[in-house]
Amino acid sequence: MQNFDLLLLTAIIFLPATWAVPLLFFPKSAVEAMRWWTLAGTAITFGLTLVLWGKVDFSSPDMQLVVAVPWIEPWNIAYRLGVDGISLPLIVLTSGVCLLSMLASWSVDKQVKGYLILFLLLETGILGVFLALDFFLFFIFWEVMLLPMYFLIGVWGGPRREYAAIKFFLYTFVGSVLMLVAMLMLYFEGGYTFDLMRLAAIGEGRIDGLQFSRSFQIVTFWLLAIGFAIKLPVAPLHTWLPDAHVEAPTPISMILAGVLLKLGGYGFLRIALPICPYGTQAAAWALVGFGVFSILYGGLAALAQTDFKRLVAYSSVSHMGFVLIGLGCWKISEQTGMGVGLKHWEMGLHAALFQMIAHGITSTGMFFMVGVLYDRVHHRDLNRFGGIANRMPEYAGLAAVLFFAGLGLPALCGFIGEVFAILAVWNYSPLAAVLSALGMILAAAYVLWTVQRVYLGSEYHGPLAENLTALLPRERFVAYVLSILAIVFGVLPNLLLSRMQPPLHQLVIRMDEAYRGLHQVLASIGQAGGG
Amino acid sequence: MDGVGLEAYLIVGAILFGCGFACLLVKRNAIAILMGVELLLNGANLNFLAFARFTSLGLDGQVIGLFVIVLAAAEAAVALAIALNFYNNHLSIDVDSAKELKD
Amino acid sequence: MPETAETSHLIVRNLLTAAWLLPLAAFIAQVYAVECWSNRLSRASGLLGCAAIGGSLVLSLLAVAFFPSGSGSAHTADDGSNHAAVDAEHEAHPSATPAALAGRYYTLARFGDSRLELGWYVDSLTLVLFVVIGLIASCVHVFSLGYLDDERTEDYRDEHAHAGDEQPVSRAGRFHLFFAYLSLFCFSMFGLVLAGNLLQVFAFWELVGFCSYLLIGFYRERPSAVRAANKAILVNRVGDFGFLIGLAVLWTSVGTLQFATEVDSKGVTASGLFEQVRGDGQLELSDDSKSVVLQRHLEAGDEPAPTRPTIAYTLFVLAGLGIVAGSIGKSAQFPLQTWLPDAMEGPTPVSALVHSATMVAAGVYLVARCYPLLAPEVLLVVAYVGAATLFIGATIALTATELKQVLAFSTISQLGYMMLALGVGGWGAGVFHLSTHAFFKSLLFLSAGSVILACHHEQRLDRLGGLRHRLPWTAAAMLIGTLAVTGVGIPNPWAPGYSLALSGFHSKDMVLASALAFVRLNPLHSLLYLVPLAGAGITAVYMFRLWLKVFVGRPADQHVFEHAKESPPVVLIPLAVLAFFSVFSAVGGESSWLYRGLVTSEPAFVAASSTSSAIWPITHPGHEEIHAAHGAAGLMVWLVAMAGAGIAIWIFGYQPFSADELRATFPRLRQFLLDRWRFDALYDLAVVQPVLRISRQAIAIDRTVIDPLLHGASRLLVQLAGWGRRIDELLVDGAVVGIGAWTWRSGERLRRLQSGQLRQYVLWLGLSVVVLFGVVTWMRPG
């Protein structure tokens, strides 16, 4: 069984990259064949992740299908993989979004072979990050993902693609460097290991005689948090995002918003939180504070946009703020170090993870919908649309579903994450809850205003009106899949929430214990000093 | 024979070597230089044999001596061929006229 | 009889669930009507919608029949122990709200011991609203078949929307879509009423708002309609913001959002909100009056915990205010009333269904449903908000110039009455008025729709007139509605319930009686009686003004008048049905079937007079006090209403002044009212513009602060790199190049040794050997 697990996980990660090799031997003119070939690759990967979904026992809070093959033994680095209820939804989301954005990639005409190869490499990188349980491996995949993205933006992007690509690269790279520093600190402090589960056990004080000190945890947490916050992104570290989104081709925007941003949140949940419980608690105010700031800032900035894609990009900033407040709303009692209303923090973590999935669906959909229009009329100026609902009724209906899911309309997936996050954060800070609830008003404002300017109204104001034709079957498929998912997860959130619950619950319990342990030490020192 | 020690052989060898070296320095005739080289080689050869006789070098010294003789013969053959060729090119065997190496 | 209780429980659940989901099924079918099985000329979508909502109505009526009636009208404060209805999994626990059935469909999420779920909660209020919504929605559906008949075309010309070339916009008809939206709305509205917990209420609350958005913006080619739709949702979101805060407070402090106490299959009892907050009656305050003690259900044998959970009184008030904020938004109360008049941009049947009878009443429903959760201080706020709203709405209605605008402001004003009634402790009066108002206001709107249809979408009052000759049936229907809303009747001061009057008379009577009883107990708040009393007079004035201007007098526009013709039966029959209910639904007043049914759901603590003194003392009247005030209040409101009607008939019927004279009387007051108390301008100035400005600033910050910082950093980096390059060039490269050059030069020099002289080489060789030999000898150790 062990071997089969290893094979399955490895296949999921490396199938896309391997699939890219035969692409080299396709004749340059066989564009259509290459696309179908790549589509088949992403589809098989998606199928494999579904197999994985079937194999995982969701009632267990522990890491499953754990495999470890020694890799660079002198440094204790292993090829260590595994999944649990936290990563698996994101893995399936990734392979699904890649499949859908591959379907959207038919609109890319330039140097198709190179594009497809990079696309597959990107998928390998992302899946690797979600599956890796070794910090070194994690880091490698993190970087592997960065380069294809850089080229995909820089070569296939819009007019300012070089600027956007470099900005994206620099921002992310700064984050990577901080992460690298943290990684090495943990390696040496944690007894020469990169094993994330062991590091988490040390951080959570579950290993006798080995515990990261408080100041160490705080420094490490901040290093990691800045790295992940750039990816998330958190205002004010977000300015790479609008440029990257606007310049990237539609399918890459879909992956960027749908999956890449989640890596930041996943990094928090998998690495920063469990390894540095004390650091997390010490920085909880910052997580919530910056989360609220992102919500409001992203919403306000979205309100003033005239570029359709830029608007969606800023809405992402706003939505990912909810992830951050959900992660950070861990309230403790200053005297005893006991968690106050831990169940609300658990709810916040659920909300954060759910919001990641939900945003993966809605923002993918929104970017796709923008792309559908852009493919037809080749502009994105919000003030030069109008009347699309009459020209493309089916498209407008589906777009409305996705945009209103972004607005947080009940029965659509955006509602659950946002409302749960707000309900959860009240326990931590009523002010934060109030301010983030204001963010929902802003979301309504910018979504409605956009819908008004693009879909409603009497006539289309822009150029190339004759190109506004009905959806192609391929586009219709993507739009329906995303809309249906948005509805399903909005109506039955427990499909996901119940599967996330065991690992998140365990995380909360363990972090609470770890914090209490350190807090007691602190208190006794304080007493000794005072006495 | 017993009175003749190592030093005597070495002195003879050194004289032979010195003569050969002087020959190399003063003669311009290629054949004469060749003969000087033979003297050099044989001077060295004598040393080998002497060391073979008087030190722990043993048979190895005699073998090397044989090698040197063979080598000298081969060298003479090659050198004579070069000299012949040199003469064909320069109509002389004066080595001072051979300056092509400089360029 | 546990078995029958269990069966009836299941039957009621299944009936109402079916009634709830039927419109959803219809919606899905209707959305794809054009593409899949119909065309734009077909009526099928409309008929399907009618069938679905008709089915819902029938199912709701059946549910009423099956509802356990043992707990019916014989309601007293202490009877909360004997009608627990049990089903296999759940039990509606006897609590402050008797005669309620509740249960769970499925779980949304579970965190620790708290759970969020999709559930249902049925009491007589739910049932009455199901029937009222079903009835009115059925009428509106049928009416819409006639009203939107001109949408059944491939080429609909919208005279109110213009393309760039000033031509009317031509578009495909959207008959099927209209009914789809209506179905979706009915589904959401039923869901709102059926909801078993506050989160679910909130979800459907937003959904009805969304449906209202779709319906207001139905004529999406008209900029004004789209603007109105956006405004509706945004203003509502402001209220929902408060609602969400209220939810967060309750969720955090009480730990559940469930209305009813539930027992799950393992026998674990989860106390609902009502039980926790009110227990079996009054709020239980802690000793210092700073917090409310929560009543958690105890298992048999459990000892009461030494410290029981509490919620700080300020938080409790905040939660109540949050819920009320939601109501204020949805029910268009002061200060968020501005969206409702604009919402009249939607088709008239929508105004009748969504924006008068059902959705806007949801705010009132919410306050009524959450009554046990509202502190007396919150109720006082509700009362004052209601009073302010009813006055503002009524005054603006006096000068409104369009048919539907008058009705919209009248709706706002009447909703104010309901809020006022709830706020002063007249729970029954509030929901009673809610039900009767639904009938007569939808009647008024549908009549208005009939007028608009007949006059080809002319609804400006100064272009209508004398239409009773052309539209006799519509005129009669509207007169009934007018009389109902005005509260005209022949009162019977000794037995108010047996007055000869229309439904509005009875319900408004009850509202005023509650207010009077409250004012008698709290003289400080006398305004709460005087304002609605004055409002009743103003109501009479504007309603009669409306009716007279439309149906009496000389036709202002001959063209309109001559082309007007009575609407077809499909339009008139719904009017007749609604007229019937407007007249008879409240016969008997306090002893009417409707009122007695409603008050079975009344929270137990309302029945008796109670004084609360947490912050400042407020005494709420009980049933007895209200009953005692009934006669006096009824007589006064009747007098005021008749006076108002008389004034209106004198001014607008006999027309002693010309229109211009009237306009010139109070020009500034008139302009103030025409500007709707300038709320829109105020909000634009105080909220909308600043937000837009800040949002532009936000981008500007991105462009002028963050990006420049980044650019600065990268420029600094380039600078640094430049220095690095210079260092490279000067030092490192210099060294490398220098070494190379030196080597070259040395080689050049050494070259001279290569003379080519063979014998010279030999000499060098010899000398070198000698030198080396010397060096070795000299260096040799020892």
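The structure under discussion appears in the preceding block.
Here the structure is a predicted model, which means the values were calculated and not measured.

Points about the overall build of chain A
Helices and strands together make up the secondary structure of chain A, namely 19 helices and two strands. By the compact-globule yardstick of 24 Å for 531 residues, chain A fits well, its C-alpha radius of gyration being 23 Å. Overall size of chain A, expressed as C-alpha extent along the three principal axes, is 85 × 55 × 40 Å. Here chain A holds 531 residues, and 62% of them are scored as buried.

Details of the overall build of chain B
Across its full length, chain B holds three helices and zero strands. Reading chain B from its N terminus to its C terminus gives the helix and strand order α-α-α. Its C-alpha radius of gyration of 17 Å places chain B more than 25% over the 13 Å reference for a compact globule of 103 residues. Judged by the C-alpha coordinates and their principal axes, chain B covers about 50 × 25 × 25 Å. The burial tally for chain B puts 19% of its 103 residues in the buried class. When contacts within chain B are restricted to residue pairs at least 6 apart in sequence, long-range pairs at least 24 apart make up 51% of them.

Structural notes on the interface of chain C and chain A
Every contact between the two is made by 44 residues of chain C and, on the other side, 43 residues of chain A. Of all elements in the fold, only strand S1 (101–111), strand S3 (156–162), strand S4 (168–171), helix H6 (198–216), helix H7 (223–253) and helix H25 (679–751) of chain C reach the threshold of two or more residues within the side of chain C that touches chain A. Split into classes, the residues belonging to the side of chain C that touches chain A amount to 27 nonpolar, nine polar and eight charged.

Considerations on the interface of chain C and chain B
Listed as interface residues are nine residues of chain C and, on the opposing side, nine residues of chain B. When its residues are assigned to classes, the side of chain C that touches chain B shows three nonpolar, five polar and one charged.

Considerations on unusual backbone geometry
Of the consecutive residues A:Leu232 and A:Pro233, the connecting peptide bond is found in the cis state with omega at -10 degrees. In this fold, A:Pro233 is placed in the loop between helix H8 (214–231) and helix H9 (240–247). Omega for the peptide link from C:Phe334 to C:Pro335 comes to 5 degrees, which places this bond in the cis form. Phi is positive for A:Leu65, which is not a glycine, with a value near 55 degrees. Structurally, the position occupied by A:Leu65 is in strand S1 (residues 64–72). For A:Leu464, which is not a glycine, the phi torsion comes out positive at approximately 60 degrees.

Remarks on the arrangement of the chains
Pairwise contact counts over the two pairs of chains in contact peak for chains A and C. At the level of C-alpha atoms, the two units chain A and chain B stay apart, their nearest approach being 51 Å.

Points about H8(A)
Residues and elements named next belong to chain A. Across its 18 residues, H8 extends 26 Å between first and last C-alpha, which sits within 8% of the 26 Å expected from 1.5 Å per residue. Taken together, the buried positions of H8 are occupied by Gln217, Thr220, Phe221, Leu223, Leu224, Ala225, Gly227, Phe228, Ala229, Ile230 and Lys231. Lining the buried residues of H8 we find helix H6 (161–189), helix H10 (250–275) and helix H11 (277–303).

With respect to helix H17 (residues 430–454) of chain A
Between its first and last C-alpha, H17(A) extends 36 Å over 25 residues, near the 36 Å set by a 1.5 Å rise per residue. Across the 25 residues of H17(A), 19 count as buried, placing the element largely inside the fold.

Quick notes on the packing of helix H4 (residues 124–147) of chain C against helix H5 (residues 175–194) of chain C
All names here are of chain C. For the pair H4 and H5, the least separation of the axes is 10 Å and the interaxial angle reads 175 degrees. The angle between H4 and H5 places the two elements in the roughly antiparallel class. In this structure, H4 contributes Thr126, Leu129, Phe130, Ile133, Ala137, His141 and Ser144 to the contact, and H5 contributes Phe178, Leu182, Cys186, Met189, Phe190, Val193 and Leu194.

Observations regarding the packing of helix H15 (residues 393–407) of chain A against H17(A)
Residues and elements named next belong to chain A. Contact pair H15 / H17: the axes reach a minimum separation of 9 Å and the direction vectors enclose 160 degrees. Taken together, the axes of H15 and H17 are roughly antiparallel relative to one another. Every pair of crossing elements has a handedness; the one defined by H15 and H17 is right-handed. In contact with Ala400, Phe403, Phe404, Gly406 and Leu407 of H15, H17 contributes Ala443, Ala444, Val447, Thr450 and Val451. Class assignment for the residues of the contact of H15 with H17 results in eight nonpolar, two polar and no charged.

Here's the deal with the pairing of S1(A)
All names here are of chain A. Pairing between S1 and strand S2 (residues 77–83): six bridges, direction antiparallel. Each bridged residue has a counterpart across the sheet, and for Ile72 the counterpart in S2 is Ile77. Hairpin geometry of S1 and S2 is characterised by an intervening segment of four residues between the two adjacent antiparallel strands and by a positive phi of about 65 degrees at Asn76.

Thoughts on the environment of C:Ala632
Note that C:Ala632 resides in helix H22 (residues 623–653). It is 43 Å that separates the C-alpha atoms of C:Ala632 and C:Ala229, two residues lying 403 residues apart in sequence.

Here's the deal with the nonpolar core
Note on soluble globular proteins: their nonpolar side chains tend to be buried together. Ranked by internal contacts, the top residues of the largest apolar core, which has 468 residues, are A:Val425, C:Tyr181, C:Leu247 and C:Leu420. Element by element, the count of residues in this core is highest for helix H13 (residues 342–377) of chain A, at 19 residues. Contact partners of C:Leu420, with chain neighbours within four places excluded, come to C:Ala383, C:Gly386, C:Ala387, C:Leu390, C:Val511, C:Ala515, C:Leu528 and C:Pro532.

Quick notes on the environment of A:Gly439
Residue and element names in this part refer to chain A. Mapped onto the elements of the fold, Gly439 is located in helix H17. Residues Gly439 and Leu300, 139 residues apart in the sequence, show an inter-C-alpha distance of 8.6 Å. Discounting chain neighbours no more than four positions away, the residues touching Gly439 are Ile295, Leu296, Gly299, Ser318 and Gly321.

Some points on the environment of A:Met254
Residues and elements named next belong to chain A. In this structure, Met254 sits in helix H10. For the pair Met254 and Gly267, spaced 13 residues apart in the sequence, the C-alpha separation amounts to 20 Å. Aside from chain neighbours lying at most four places away, what touches Met254 is Val97, Leu100, Ser101, Ala104, Thr364, Phe367 and Phe368.

Analysis parameters
- Residues numbered from 1 in each chain as written.
- Chains lettered and ligands numbered in written order.
- Predicted model: local features only at pLDDT ≥ 70, side-chain atom pairs only at ≥ 80, totals over all residues.
- Helix = DSSP H or I, 4+ residues; strand = E, 2+ residues; numbered from the N terminus.
- Rg over C-alpha atoms; globule rule 2.2 N^0.38 Å.
- Buried ≥ 20, exposed ≤ 12 C-beta atoms within 10 Å, placed from the backbone.
- Contact = placed C-beta atoms within 7 Å.
- Nonpolar A, V, L, I, M, F, W, Y, C, P; charged D, E, K, R; others polar.
- Expected span 1.5 Å × (residues − 1).
- Axes fitted to C-alpha atoms, helices over the stretch in contact; angles between N-to-C directions.
- Parallel < 35°, antiparallel > 145°, perpendicular 65-115°, else oblique.
- Left-handed = near helix turned anticlockwise from the far one by under 90°.
- Pairing = 2+ DSSP bridges.
- Core = buried A, V, L, I, M, F, W, Y, C linked by C-beta atoms within 7 Å.

Read these as spatial facts, not as claims about activity.
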